[in-house]
Amino acid sequence: MTSSFNMLCSEKRSRLQQLKESAPAMAGLIGEIDMEWQRLQSQSHLPDSADFLHVAHITQRLEMYCMSGHGHDRALWEYLASVTPPAWQADSREHFTFPKSGVSKDKIAAHLLKSIEAKPQEHVEVRADAFAKEVVETLTDQFFRQNIAVECRVSDTEFTDLLMHHSSDAQLTKLVDWYRDRDLWTDKIIALRTTAEPSKILTPAQETQRLERWKAASDSFFAAEGKRRQDFNHPNYQPWILTYLPTRYEAALDQMEYEPYKTLYLEACDQPWEAIEQAQAKLIQALDAGKEMHITNSDGTDLRFSIEGHSFANSMVRRNLPGSEMFSAPVKTSVNGRIVAKGGHKIVGQKEVVRDITYDIVDGRITEWQATENKDALDTIITKTDRLPSNDPQFEANRYFGEIGFGTNPQLRQSMVNGFLTEKISGSFHMAIGDSYNNGYLGNPNVKLDNGNKAPGGFHWDITTMLRGKDGEIWLDGHLLQKDGEWLAVPALGIAQEDVAVLNNGWDALRDAGKPIPAYWEKALTNPARVQQR
């Protein structure tokens, strides 16, 4: 038994005692769960992760139920429990499972742990959908062995939705306090999400009402917490890393079979990150010293903009897994030309997919736009900030760009709908309408990302445009940096071919240089499909 796990059990038992005093109708059940924590605490060995997660999940439900002011109502609890089985006990076919060969769950867990640099005695919260059960169990095992206190907040969507539906406005405010207490406990966050639409236990009308009431109760809290996680200079900055596990829903959107899609995601997570970071640093030296960029492709993209006074972030896997990208912001009013982004583009926070987007831009402002599917949704997004007063600093913010980025993950080489992967596609660039990021990415004061464009609620939507297979070109101050998705040697800018080889070829570049590569990749090199892909 580690000291951190013993501390966690003691904290849970103390919290349950407080709940028992304020929720007499639930005292019997609270006592049963307290005994479960006592059992886990008394073991001489580390707990079984599945056992731990089940006890932690029931405790989470009890805390949410009692702290939101329902502790007097045992009947409602029995109803909620009867119609929403514990999330971790869902049909195993609904969970993400790892292939028998290739990138292992231990490797993915190790990447996540390394990214947040968790230390003994720190409190780490894993926020997960039940779909991520296998990954969460592996993570908790590794945390226990490293003497790190870990909590898991499962999404538990149906239980939470019903609880909110049966809560008064005052009770919703108390539920926000539960989220606040959890955040105060947490030093670092690992978020494992999915983008499949969750099953809904409420009618559409009930769900709309629930969302409106929850938004009114929680907006100010979540806005403050979001700022704390995005602002690297915040005195209580909370490090985090996010990944979206691939689902059958996303595979269908990208017109791929699920197992190959899952393998693509896992291999994209396991790339030679140190070598990629070094290659990006070399390119960023040239980009930061540059002034004017020009990007074209055969679909009709022809875009010019200035990056003078800004600098690029070397984004790897400290925020997102998989990485990687280099990103900054254009000078706000310098963007001119046309972007033609073929393929599907999922709207952030919504289910709509907008296809084949075209932007026409004059002096930074989108003046015309087209789409072959769901153009009405695109209309709504772009014109949303037009309705603000003309003297409002956020007026027309959604018509201007807050980011320019270049995807560099060597394993991602094709157009995709998955919004979490698209910005990392090798041989692509992305422009985001709306909010620009704050300066000082990951605490580096030399990274200048803020071009002054700020959108309501921090709205920021990346649109990725393919250059690979499109005869695409990226020019910097008259020098050709990339051709048809491949980074080039540019002696005038101090860039040699070996400096960028890993961005073009991934693990193959390390093998060609005589360096070790993963065994599964050696095997994959003989796969005809892989040879064709490369």
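Above this note sits the structure.
A brief report on the enclosed structure follows.

The rules behind the values
Residues numbered from 1 in each chain as written. Predicted model: local features only at pLDDT ≥ 70, side-chain atom pairs only at ≥ 80, totals over all residues. Heavy atoms only, no water. Pairing = 2+ DSSP bridges. Helix = DSSP H or I, 4+ residues; strand = E, 2+ residues; numbered from the N terminus. Axes fitted to C-alpha atoms, helices over the stretch in contact; angles between N-to-C directions. Contact = heavy atoms within 4.5 Å. Left-handed = near helix turned anticlockwise from the far one by under 90°. Nonpolar A, V, L, I, M, F, W, Y, C, P; charged D, E, K, R; others polar. Phe/Tyr/Trp six-rings, centres within 6.5 Å; stacked < 30°, edge-to-face > 60°. Buried < 20%, exposed > 50% of the residue type's maximum accessible area, 1.4 Å probe, protein only. Lys NZ or Arg CZ within 6 Å of the ring centre and 35° of its normal. Expected span 1.5 Å × (residues − 1). Bend = angle between axes of the 7 residues up to and from the residue.

Once that is clear, we can look at the sheet that holds strand β7 (residues 313–315). One open sheet accounts for 5 strands, arranged β7-β8-β12-β13-β14; its pairing is antiparallel. Across the chains shown, the open sheet's two edge strands, defined by having one partner strand only, are β7 and β14 (460–466). Each strand axis lies, on average, 25° off the axis of its neighbour in the sheet, ignoring direction. Alignment of strand β12 (residues 401–407) against strand β13 (residues 428–434), held across 6 bridges, turns out to be antiparallel. By the bridge assignment for β13, I404 is matched with M431. Its contacts with the sheet put helix α12 (residues 273–289) on β7 and β8 (325–328), and the angle it makes with β7 is roughly 160°.

Before going further, it helps to spend a moment on the pairing of strand β10 (residues 353–362). Strand direction decides the pairing type here: strand β9 (residues 336–346) and β10, joined by 8 bridges, are antiparallel. Opposite H345, over in β10, you have V354 as the bridge partner. Where β10 lies against strand β11 (residues 365–370), 5 bridges are found, and the strand directions are antiparallel. In the sheet register, V362 faces β11, and the bridge partner there is R365. Here β10 folds back onto β11 in antiparallel fashion, the turn holding 2 residues, of which D363 has a positive phi close to 50°.

Tracing the sequence through the fold places D169 in helix α8 (residues 169–185). Taking C-alpha positions, D169 is 54 Å from V502, a pair spaced 333 residues apart along the chain.

It is worth spelling out the packing of helix α3 (residues 49–70) against helix α4 (residues 74–83) at this point. Relative placement of two packed helices is described by the angle separating their axes and the distance separating the axes. At a closest axis distance of 12 Å, the pairing of α3 and α4 adopts a crossing angle of 140°. The chirality of how α3 crosses α4 is right-handed. The residues of α4 that touch α3, namely those facing R61, L62, Y65 and H70, are R74, L76, W77, L80 and A81. Its residues assigned to classes, the contact of α3 with α4 shows 6 nonpolar, 1 polar and 2 charged.

A few words on the environment of D129. Along the chain, D129 falls in the loop between β1 (123–128) and α6 (133–145). Taking the C-alpha atoms as reference points, D129 and C9, 120 residues apart in sequence, are found 23 Å from one another.

For the bond from L321 to P322, the omega torsion is 5°, close enough to zero to count as cis. Within the secondary structure, P322 is located in the loop between β7 and β8. Between G323 and the following residue, S324, the backbone shows a cis peptide bond with an omega angle of 15°. With respect to the secondary-structure elements, S324 resides in the loop between β7 and β8. One non-glycine residue with positive phi stands out, namely Q255, at about 55°.

It is worth spelling out the packing of aromatic side chains at this point. In the structure shown here, the tally under the stated rule is 19 aromatic pairs. Considering the side-chain rings of W178 and Y179, the 4.9 Å spacing of their centres and the 75° angle between planes classify their relative orientation as edge-to-face. Taking relative accessible area as the criterion, W178 reaches 0% and is therefore assigned buried. Ring-pair connections join several aromatic residues into one group, and the members of that group are W178, Y179, W214, F221 and F222. Here the guanidinium or amino end of K262 rests over the ring plane of F96, the centre of that ring lying 5.3 Å away. Between the NZ or CZ atom of K424 and the centre of the ring of F420, over which it lies, the distance is 4.1 Å.

With 12 residues, helix α5 (residues 105–116) extends 17 Å between its outermost C-alpha atoms, agreeing within 8% with the 16 Å of an ideal straight helix rising 1.5 Å per residue. I108, A109, H111, L112, L113, S115 and I116 are the residues of α5 that are buried. In the core, the buried residues of α5 are packed alongside β1, α6, β3 (188–193), β4 (240–244), α11 (258–269) and α12. Following α5 by one or two positions, E117 adopts a phi angle in the positive range, close to 50°.

Moving on, we get to the packing of helix α2 (residues 27–42) against α3. The N-to-C vectors of α2 and α3 enclose an angle of 145°; their axes lie 10 Å apart at closest approach. At the point where α2 passes α3, the crossing takes the left-handed sense. Facing L29, I30, I33, E36, W37, R39 and L40 of α2, the residues of α3 in contact are D51, F52, V55, A56, I58, T59, L62 and C66. Of the residues contributing to the contact of α2 with α3, the split by class is 11 nonpolar, 1 polar and 3 charged.

Turning our attention to helix α9 (residues 204–230). Counted at 1.5 Å a residue, the expected span for α9 with its 27 residues is 39 Å, but the 33 Å between its end C-alpha atoms falls short. For α9, the principal kink sits at S218 and spans about 55°.

Take the side chain of N147 next. Within the secondary structure, N147 is located in the loop between α6 and β2 (149–154). Dropping the residues within four chain positions of it, N147 is found in contact with T2, S3, S4, P120 and Q121.

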